[in-house]
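Chain residues, written in single-letter form:
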Amino acid sequence: MIKKKFKAIELNRLDEATIQNIRSWRNQEFVRRNMFCQDIIAEEEHNQWVQRVKADDNKNVFVFYLDDVPFGVHVYTYDTENQWVEIGSYLVAEEYQAMGYGVILSYFGQDIMYNVLGYDTMYGEILEYNKNASSVSRFLGGEKELRKEPVHLNGKTYNVNIVRGTRQEWNSFEKEKLGKLVMKFVYEEYEVIK
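Residues numbered from 1 in each chain as written. Predicted model: local features only at pLDDT ≥ 70, side-chain atom pairs only at ≥ 80, totals over all residues. Heavy atoms only, no water.

**Student:** I keep staring at the overall build of the protein chain and nothing clicks. Help me out?
**Tutor:** When you go through the protein chain residue by residue, the secondary structure sums to six helices and 10 strands. A separation of at least 24 residues holds for 67% of the contacts in the protein chain among residues at least 6 apart in sequence. A total accessible area of about 10,500 Å² is found for the protein chain, and carbon and sulfur atoms account for 47% of it. (Helix = DSSP H or I, 4+ residues; strand = E, 2+ residues; numbered from the N terminus. Contact = heavy atoms within 4.5 Å. Areas by Shrake-Rupley, 256 points an atom, 1.4 Å probe, with all protein chains shown as cover.)

**Student:** Would you mind going over the packing of helix H1 (residues 16-26) against helix H3 (residues 43-55) with me for this structure?
**Tutor:** Any two packed helices are characterised by how steeply their axes cross, that is the angle between the axes, and by the distance between the axes. At their nearest, the axes of H1 and H3 sit 10 Å apart, and the two run at 120° to each other. It follows that H1 is oblique to H3 by the angle criterion. For H1 against H3, the interelement crossing comes out right-handed. Facing Ile19, Gln20, Ile22 and Arg23 of H1, the residues of H3 in contact are Glu43, His46, Asn47, Trp49, Val50 and Lys54. Partitioning the contact of H1 with H3 into residue classes produces four nonpolar, three polar and three charged. (Axes fitted to C-alpha atoms, helices over the stretch in contact; angles between N-to-C directions. Parallel < 35°, antiparallel > 145°, perpendicular 65-115°, else oblique. Left-handed = near helix turned anticlockwise from the far one by under 90°. Nonpolar A, V, L, I, M, F, W, Y, C, P; charged D, E, K, R; others polar.)

**Student:** Help me understand the pairing of strand S3 (residues 69-79) in this model?
**Tutor:** Successive side chains on a regular strand alternate, one facing one side of the sheet and the next facing the other. Taken together, the eight bridges between strand S2 (residues 59-66) and S3 define a ladder with antiparallel strand orientation. The partner of Asn60 across the bridge, within S3, is Tyr76. Linking two consecutive strands that pair antiparallel, namely S2 and S3, is a turn of two residues; a positive phi of about 50° is found at Asp67 within it. The pairing of S3 with strand S4 (residues 84-91) spans eight bridges and is antiparallel. If you follow Asp79 over to S4, its bridge partner there is Trp84. Taking the residues that link successive antiparallel strands as the turn, the S3-S4 hairpin has four residues, and the phi of Gln83 there is positive, at about 55°. (Pairing = 2+ DSSP bridges.)

**Student:** Help me out: how do you make sense of the nonpolar core in this one?
**Tutor:** Taken as a class, soluble globular proteins show a tendency for nonpolar side chains to be buried jointly. Phe6, Phe64, Phe71, Phe108 and Val182 are the most contacted members of the largest nonpolar core, which has 48 residues in total. Here this core takes nine residues from helix H4 (residues 101-115), the largest share from any one element. Among residues more than four places away in sequence, those in contact with Phe6 are Phe64, Tyr65, Leu66, Phe71, Phe108, Ile112, Val186, Tyr190 and Glu191. (Core = buried A, V, L, I, M, F, W, Y, C linked by side-chain atoms within 4.5 Å. Buried < 20%, exposed > 50% of the residue type's maximum accessible area, 1.4 Å probe, protein only.)

Next up, the structure:
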């Protein structure tokens, strides 16, 4: 089995073509159907979002690469009131779901969040029907619960699963557990460009 090299590049260090690709990747139907906002993002709306992210010290957006090929996007938003970082992520190609890239995305997303960016507490929300994200979150420990208020999308009501975690839980147990699987496919040493 050939291992791949992982790299993460923060939005401020990405070239313009990749920044525009983030919008194309996000607008794919398989990504949108698992988002709380399922609208197609227009170019101007995307450009305004990019400028807001670049100006906000509480937001980080990374594109994740394996052997210099982009495979995922990870967004971190620090909530100063609750003192947690809210996470969101997606793969850039639907076929990557069947290849286990969601597990790799989650592993490095968590390790960067805790051990590179230095956050202590994580918070995430997953639509109940998003089976791929739910199955990846089962690999991770931490507190899981159902959000009290469901969401309404396309005339239907859905429950929302909440996933929480801490740096201590990640470094004490979860990193090693998930790492055993991920390190079969990816080198342990990785690069973060921010």
